[in-house]
Each structure stands twice: as C-alpha cells, then as structure tokens.
Amino acid sequence: MKLIQLYRSKYALLRSETDRILIWSNLFSMALVACRIIYTGTPLFVSMIWNLFLACIPYYLLKFTLPDTDHTRITKRFVIVFIPWLLFVPNTFYMITDLFHLYRRENIPIWFDLVLLMSFAWNGVMLGFLSIRQ
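Keep in mind that what you see is a predicted model, and the values were worked out from it rather than measured.

Analysis parameters
- Residues numbered from 1 in each chain as written.
- Predicted model: local features only at pLDDT ≥ 70, side-chain atom pairs only at ≥ 80, totals over all residues.
- Heavy atoms only, no water.
- Axes fitted to C-alpha atoms, helices over the stretch in contact; angles between N-to-C directions.
- Helix = DSSP H or I, 4+ residues; strand = E, 2+ residues; numbered from the N terminus.
- Parallel < 35°, antiparallel > 145°, perpendicular 65-115°, else oblique.
- Left-handed = near helix turned anticlockwise from the far one by under 90°.
- Contact = heavy atoms within 4.5 Å.
- Nonpolar A, V, L, I, M, F, W, Y, C, P; charged D, E, K, R; others polar.
- Core = buried A, V, L, I, M, F, W, Y, C linked by side-chain atoms within 4.5 Å.
- Buried < 20%, exposed > 50% of the residue type's maximum accessible area, 1.4 Å probe, protein only.

Enquirer: Even after reading the chapter, I still don't get the packing of helix α2 (residues 17–40) against helix α5 (residues 110–133), so can you show me in this structure?
Expert: Helix packing for two helices is described by the angle between their axes and how far apart those axes are. In the contact formed by α2 and α5, the axes pass within 10 Å of each other and the chain directions differ by 150°. Considering their axes alone, α2 and α5 lie roughly antiparallel with respect to each other. Our pair here, α2 against α5, has a crossing hand that is left-handed. Between α2 and α5, the residues in contact are T18, L22, S25, N26, F28, S29, M30, L32, V33, C35 and R36 and F112, D113, V115, L116, S119, F120, W122, N123, M126, L127 and L130, respectively. Of the residues that constitute the contact of α2 with α5, the class distribution is 14 nonpolar, six polar and two charged.

Enquirer: Looking at this structure, how should I read the nonpolar core?
Expert: One broad trend across soluble globular proteins is that nonpolar side chains are buried collectively. With 18 residues, the main nonpolar core has L22, M48, Y59, M95, L116, F120 and L127 as its most contacted residues. Sorting the residues of this core by element identifies α2, α3 (47–65) and α5 as the ones contributing at least two each. Once residues within four sequence positions are removed from consideration, L116 is found in contact with L32, V33, R36 and F45.

Enquirer: What should I look at first to understand the packing of helix α4 (residues 76–94) against α5 in this one?
Expert: Where α4 contacts α5, the axes come no closer than 7 Å and their chain directions differ by 145°. Where α4 crosses over α5, the two elements pack in a sense that is left-handed. Judged by residue contacts, W85, V89, T92 and F93 of α4 engage G124, V125, L127, G128, F129, S131 and I132 from α5. The class makeup of the residues in the contact of α4 with α5 is seven nonpolar, four polar and no charged.

In structure tokens:
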C-alpha cells in the first residue's frame, strides 16, 4: 500500500498533459538561463528562476490541496488555501514586466535574451491563467 502511495506522490506532477507541458516548458526556460551563464560567465538572469518558482506556487497549491471531484462547495480547505493563492498569483503575471530588462549587452546577442525573457513570461502567464481557471 505504501508503495502505491509513493508511486502516486512521485508522479503526481505528471498526471495530466498540461502538467507535462508546463514542466517541459519550465525546464526549457531554466536551460536557457544555464546556457546564458555558461556562455557569458555572469549569473544575470538567475533571479528569473526564482520568479518562475514563485509563479508555480499558486497553480500547484490549488492542484494538490483541492480535490478534483466537487468544485461547487466552499470548504474550510478552500478558504485556507485561497489566502496564500491570492498572495502568490500576481507574481505569475508580473513576469511580463521582466521584458523591461531587455537591452543590448556586449557578450550575448539580443535575440537570445529576448527568447529567454519571453519564455519566462510565457510560463508565468500560462501558470497564472491555469491557476485562475482552477
């Protein structure tokens, strides 16, 4: 029985196609930051990974704490989860404002930074919309 629970908890993030796409998209964004650090030698956009983590909190908070069966009743669990969700959900859409950090730098092409910032903004917006949809 514990083995089944461990299996379910280990692969809970991979249950739906949406979750798999989100995970791959987030990994792509983090890989872009890693490539940029390796290429330039400066950890300029590492804070974007932290912003992405903060953007994931509202989506996964609702996903793991609220049951999928009955969305019509307001329960105590919903009220307890709603407050942290409300605190973290603005960060998902806030990631769009990181596009203001786009300007030409000497060590790297501007198109690479544009792709990097747009991928993080895309992930933030998607996490925000999916979180609100839940």
